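# Fold and contact review
As a plain string of letters, each chain reads:
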Amino acid sequence: MGAVDLTPAPGAVPPPPGAYRVPARYGYPETPVETTTRLRPVPPRQRWRAPLAAACVVLGLGLIGGAATGAWLTGDSSAEPTRTPYTAGRTVWHSVPVDTLFPRTLKGTGAGPGGTNRTWTRLAVAADSGCSKGLDPLLRTTLRSVGCERMVRATYTDSTRSAVTTVGMVVTEADAAGMQALSARFTEQKLAARKDLMPRTYAPEGTVAAGFGDRQRASWTVRPLTEIPVVVFAVSGFADARTVAEPQPADAATETPATTDIAQAGLGHEAKGIADRVERGLRTTVTDLVEPPA
């Protein structure tokens, strides 16, 4: 093969020193094939567009802010998520003061045997917990269909300090259909009267209820509510820590004539009366959360 002629073509401008030299073929530089699409010419920018865009942004923000302010001033419910007894009831254990859930004093007008009056004083409130501490295994299994979001409890004594009662509520994870099914099951199978489904006690140290344990349980009630995702329960016993061989459900212990020691001591009335008032207060609290007073 003969030598290649590297003499620049006539009229060609030599590259600057050190520049990349395009290989010469047949006496002229190689030209790459054009593969890109030609862009359309951009028209000159109109000066009036920027002020117009800024005005549109300001107008939009003003409309949004005005709507939000109007909803706030008029209390427009469409501006906030709708609260129901179920959404409100599921948050009471951490959003409502403990003195609202478990008042320091409960008045039981006509709540005692023969329609006598009762007054109960709160001894202590247990820390909120799961259901393993307050429910026997079989009762936890029975409530498994509705789940256990949280449990709160408190213990009361009567004015004579001869009876003690633990009252509590299990906040469930169920919807209305789940709570209705649980309530129907309790009614049909008479689960509230089963001794193996009694709730446990809360025995705060240093109080008259310090000796209130499983063997001291005398009367009880368990109530699945249907308007709120809560199961209310209460269990009562003697303050002197005596053992009870045959506990009696509150419904049976409040029937007349009272023949058992538990019924004659009014322990069924203790459990039922305290549970009634805690449940009543809970319903009022949830109603106020869902429908705030004007």
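Residues numbered from 1 in each chain as written. Predicted model: local features only at pLDDT ≥ 70, side-chain atom pairs only at ≥ 80, totals over all residues. Heavy atoms only, no water.

Further remarks concern the environment of Ser145. Examined against the element boundaries, Ser145 turns out to sit in the loop between helix H5 (137-142) and strand S5 (150-158). For Ser145, a relative accessible area of 59% translates into the label exposed. Separated by 34 residues in the primary sequence, Ser145 and Met179 place their C-alpha atoms 9.0 Å from one another. (Helix = DSSP H or I, 4+ residues; strand = E, 2+ residues; numbered from the N terminus. Buried < 20%, exposed > 50% of the residue type's maximum accessible area, 1.4 Å probe, protein only.)

In this structure, Phe102, Tyr156, Met169, Val230 and Leu282 are the most contacted members of the largest nonpolar core, which totals 26 residues. If you list the elements that add at least two residues to this core, you get S5, strand S6 (163-171), strand S8 (230-238) and helix H9 (267-290). With six residues, H9 is the largest single contributor of residues to this core. Membership of the second largest hydrophobic core comes to 20 residues, among which are Cys131, Leu135, Leu143 and Met179. (Core = buried A, V, L, I, M, F, W, Y, C linked by side-chain atoms within 4.5 Å.)

Another point: the sheet that holds S6. The strand order across the open sheet built from seven strands is S3-S4-S5-S6-S8-S7-S9, with neighbouring strands paired in mixed fashion. Here the strands that pair on one side only, and so sit at the sheet edges, are strand S3 (105-108) and strand S9 (248-249). One ladder, built from five bridges, connects strand S4 (residues 118-125) with S5; its direction is antiparallel. Pairing of Val125 across the sheet is with Ala154, part of S5. Lying on the sheet, helix H6 (residues 176-188) is in contact with strand S7 (219-224) and S8; it crosses S7 at an angle near 140°. (Pairing = 2+ DSSP bridges. Contact = heavy atoms within 4.5 Å. Axes fitted to C-alpha atoms, helices over the stretch in contact; angles between N-to-C directions.)

Before going further, it helps to examine the packing of aromatic side chains. For the structure on display, the rule yields zero aromatic pairs. Taking NZ or CZ as reference, Arg242 lies 3.9 Å from the ring centre of Phe238, over its face. (Phe/Tyr/Trp six-rings, centres within 6.5 Å; stacked < 30°, edge-to-face > 60°. Lys NZ or Arg CZ within 6 Å of the ring centre and 35° of its normal.)

The next subject is the confidence of the model for the chain. On average, residues of the chain carry a pLDDT of 82, and 72% of them reach 70 or more. With pLDDT under 50 throughout, residues 15-42 is counted as low confidence; its partners more than four residues away or in other chains account for six contacts. pLDDT under 50 marks residues 63-79. Its contacts with residues more than four places away, or in other chains, come to two contacts. (pLDDT = per-residue confidence, 0-100.)

As for its position among the elements, Thr165 is in strand S6. What makes Thr165 buried here is its relative accessible area of 1%. With residues up to four places along the chain from it excluded, the contact list for Thr165 reads Ala154, Thr155, Tyr156, Phe212, Ala234, Val235, Ser236, Glu270, Ala271 and Ile274.

It is worth spelling out the pairing of S5 at this point. Burial analysis of S5 places eight of its nine residues in the buried class, which makes it a mostly covered element. Pairing of S5 with S6, which is carried by eight bridges, proceeds in the antiparallel orientation. Bridging across to S6, Thr155 finds its partner in Thr166. Joining the antiparallel neighbours S5 and S6 is a turn of four residues, in which Arg161 adopts a positive phi near 60°.

Tallied over the full model, the rule gives one disulfide. Here Cys131 engages in a disulfide with Cys148; their sulfurs sit 2.0 Å apart. Across the S-S bond of Cys131 and Cys148 the torsion is about 85°, and the bridge reads as right-handed. Linking Cys131 in the loop between S4 and H5 with Cys148 in the loop between H5 and S5, this pair joins segments that are 17 residues apart in sequence. Owing to a relative accessible area of 10%, Cys131 belongs among the buried residues under this scheme. (Disulfide = S-S within 2.5 Å.)

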